[in-house]
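If you want the building blocks of each chain, they are given just below.
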Amino acid sequence: MTDDMSIDDYLAHGGKLTSPGNVPARYRGELLRLMASFVDSELAASAGFADTINDAPGIKSRIAAARITLEKADHADRVLQIMAEFGVDTDRYEGVHPWAARLPREADIGATRQEGDMRLSVFHYPLEGWIDAVVMNVLQGLAAKVQFGELSQVSYQPLAEVFRAVAPVEARHAELGIEGLAHIAQSEEGRAVAEAALAYWRPRVATGFGSETSDRFDRLKRMGLRHRPNADLKAGWEASVDATLADLML
C-alpha cells in the first residue's frame, strides 16, 4: 500500500491484509461476521452428522459419517483460532449455542439468523435417517464447493489460507455423499426416499446463498470479502446439482 492510498482504496484494488493490527473497524466487523457464520455452520453440521453415525448402514458409511463429523469440527477450530487473534473468547464461544439443537422439520425460517447463532439456516433443520442425511450432505457439499471458491479469495490473507487448505477436504465430503447416494439410488425404495429428501433440502440449501438483490454485496466487494454476486454463486450450484443428479438418474 502506498503512502497516498487509503486502506479502503487499497482493499478496493485487490489489496490483502495480514494481521489484526492493520484492520479497519468496519472491515473487522464484517470479517468477524463472515468467520462466525462459517464456524457456527461447521459446528452445527458436525453436531448434526454425529447423530447420524449410528444410522449408517455399514462400516464404510459409518467411517464416512465419523470423518465428516471430525473434519468439520476441525475446520471450525482453525477459523476460531483466527477469531481469537481478534479478541474472541474461544472457550466461551464453543459453548454459546447448542450446536445439535434443531427446529421442527416443518419450520420455515428462510435465511433468518436465530438469536445470535450465525449458522446458515439450513443447519437449523433436523436430519431424518441415513438417506435424508446423505442427500443433505450432497446438496450442501456442492454448495460449499462453490462457496469455497469465493471464500478462498478473501482479502484477509490468514483466513484465505485456511479456506484454501480446508476446501479440498470439504469437497471430499461432497464426494463421499455422492458415492453414498449412488448406492442408495440403485434400489427403487431408496430412490423414492432420496427424491423426497431432495425436494425437502434443495430449497433450504439454496437459501444459504442469500438474497440475489443484497445491498451488502457492493460494500463487501470493496473490502475484498466478496467477489461474485449471490445470483452467480447460486447458479453455479444449481448447475452442479443438476449435473450430479443427472449422473445418478435422480
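Heads up: the structure comes first, above all this text.
On a predicted model such as this, the values are computed, not experimentally measured, just so you know. Numbering of residues starts from 1 in every chain and runs along the sequence as written. Reporting of local features is limited, given that this is a predicted model, to residues whose pLDDT is at least 70; pairs of side-chain atoms are given and counted only at 80 or more, and all residues count toward the totals for whole chains, interfaces and linings. Remark: hydrogens and water are excluded; side-chain values derive from all non-hydrogen atoms of the structure.

1. Examining the overall build of the protein chain
Each helix corresponds to a stretch of at least 4 residues labelled H or I by DSSP, and each strand to a stretch of at least 2 residues labelled E; elements are numbered beginning at the N terminus. On a plain count of helices and strands, the protein chain comes out with nine helices and zero strands. Each helix and strand of the protein chain, ordered N terminal to C terminal, gives the series α-α-α-α-α-α-α-α-α. Taken over the C-alpha atoms alone, the protein chain extends approximately 65 × 35 × 30 Å along its principal axes. Note on definitions: a residue-residue contact is assigned when non-hydrogen atoms from the two residues lie within 4.5 Å. If you take every contact in the protein chain between residues at least 6 apart in sequence, the share linking residues at least 24 apart comes to 69%. We get accessible surface area from the Shrake-Rupley algorithm with a probe of 1.4 Å; when it comes to residues, only the shown protein chains can shield them. With an accessible surface of roughly 12,100 Å², the protein chain has 53% of that area assigned to carbon and sulfur atoms. For this count, His and the chain ends are skipped, Lys and Arg are scored as positive, and Asp and Glu as negative. The atoms used to mark charge sites are NZ of Lys, CZ of Arg, CG of Asp and CD of Glu. The averaged location of the 37 negative side-chain charges in the protein chain is 2 Å from the averaged location of its 27 positive side-chain charges.

2. Quick word on helix α5 (residues 129-151)
To estimate how far a helix should reach, multiply one less than its number of residues by 1.5 Å. Taking 1.5 Å per residue as the helical rise, α5 with its 23 residues ought to reach 33 Å, and the 31 Å between its terminal C-alpha atoms agrees with that figure. We call a residue buried when its accessible area falls under 20% of the maximum for its residue type, exposed when it is over 50%, and partly exposed in between, using a 1.4 Å probe and counting protein chains only. Among the 23 residues of α5, 20 are classified as buried, and the element is accordingly described as predominantly covered.

3. Remarks on the packing of aromatic side chains
Only the six-membered ring of Trp is used, alongside the rings of Phe and Tyr, when aromatic pairs are assigned; centres must lie within 6.5 Å, and planes under 30 degrees apart are stacked while those over 60 apart are edge-to-face, with the rest tilted. Summed over all chains, the structure comprises seven aromatic pairs. Centroid distance Phe38 to Phe148: 6.0 Å. Interplanar angle 85 degrees. Geometry classified as edge-to-face. Note that Phe38 is positioned in helix α2 (residues 25-50) and Phe148 in helix α5, a separation of 110 residues in sequence. Both residues of the pair, Phe38 and Phe148, belong to the buried class. Consider the rings of Phe148 and Phe163, whose centres lie 5.9 Å apart with planes at 70 degrees: the pair is edge-to-face. Note that Phe148 is positioned in helix α5 and Phe163 in helix α6 (residues 157-184), a separation of 15 residues in sequence. The pair Phe148 / Phe163 is uniform in exposure class, with both members buried. The rule for a charge over a ring is simple: NZ of Lys or CZ of Arg within 6 Å of the ring centre, and within 35 degrees of the ring normal. The ring centre of Tyr200 lies 3.7 Å from the NZ or CZ of Arg105, which sits over that ring.

4. Regarding the side chain of Glu170
Among the secondary structure elements, Glu170 is positioned in helix α6. Given the relative accessible area of 3%, Glu170 is considered buried. What Glu170 contacts, discounting residues up to four positions off in sequence, is Glu42, Lys72, His75 and Phe148.

5. Section: the packing of helix α7 (residues 188-207) against helix α9 (residues 230-247)
Axis angles are defined between N-to-C directions and span 0 to 180 degrees, where every axis is a line fitted to C-alpha atoms and, for a helix, only to the segment in contact. Relative orientation of the contacting elements α7 and α9 amounts to 160 degrees, with a least axis distance of 11 Å. By the angle between their directions, the pair α7 and α9 is classed as roughly antiparallel. Read as a crossing pair, α7 and α9 show a hand that is right-handed. For the pair formed by α7 and α9, the contact residues are Leu198, Arg202, Val205 and Ala206 on the first element and Lys234, Trp237, Glu238, Val241, Asp242 and Leu245 on the second. By the definition adopted for this analysis, an angle is roughly parallel if under 35 degrees, roughly antiparallel if over 145, roughly perpendicular if from 65 to 115, and oblique otherwise. Two helices crossing with the near one rotated counterclockwise from the far one by less than a right angle form a left-handed crossing, whereas a clockwise rotation gives a right-handed crossing.

6. Focus: the side chain of Asn230
When you line up the elements, Asn230 lands in helix α9. You can call Asn230 buried: its relative accessible area is 11%. Polar side-chain contacts of Asn230 include one of 3.3 Å to the backbone oxygen of Phe209. When sequence neighbours within four positions are dropped, the list of residues in contact with Asn230 reads Phe209, Gly210, Ser211, Glu212 and Ser214. Polar contact criterion, stated in full: a pair of N or O atoms within 3.5 Å, where within protein one must be able to donate a hydrogen and the other to accept it, and residues adjacent in sequence count only if both atoms are side-chain atoms.

7. Regarding the pattern of salt bridges
Side-chain pairs of opposite charge can arise where the charged atoms are in close proximity. Salt bridges are counted wherever a side-chain nitrogen of Lys or Arg sits within 4 Å of a carboxyl oxygen of Asp or Glu. Counted according to the given criterion, the structure contains 16 salt bridges. In this structure, Glu150 engages Arg226 in a salt bridge whose closest nitrogen and oxygen atoms are separated by 2.9 Å. Here the residue Glu150 occupies a position in helix α5, and Arg226 occupies one in the loop between α8 (217-222) and α9, the gap between them amounting to 76 residues. The same class applies to Glu150 and to Arg226, which are both buried. Each of Glu30, Arg216 and Arg219 takes part in one network of salt bridges that share partners.

8. Re a negative patch on the surface
Every patch collects residues that have over 30% relative accessible area and no salt bridge, joining them within 9 Å if they carry like charges and within 5 Å if they are nonpolar side chains (Val, Leu, Ile, Met, Phe, Trp, Tyr). Taken together, the side chains of Asp77, Asp89, Asp91 and Glu94 present a region of like negative charge at the surface. Taking relative accessible area as the criterion, Asp91 reaches 68% and is therefore assigned exposed.

9. Quick word on the packing of α2 against helix α3 (residues 59-84)
Describing two packed helices takes the angle between their axes plus the distance from one axis to the other. The N-to-C vectors of α2 and α3 enclose an angle of 155 degrees; their axes lie 8 Å apart at closest approach. Comparing their axes, α3 and α2 come out roughly antiparallel. In terms of crossing hand, the pair formed by α2 and α3 is left-handed. Contact with α2, carried on its side by Leu32, Met35, Ala36, Phe38, Val39, Glu42, Leu43, Ala45, Ser46, Phe49 and Ala50, involves Ala65, Ile68, Thr69, Lys72, Ala73, His75, Ala76, Val79, Leu80, Ile82 and Met83 of α3 and no other residues of that element.

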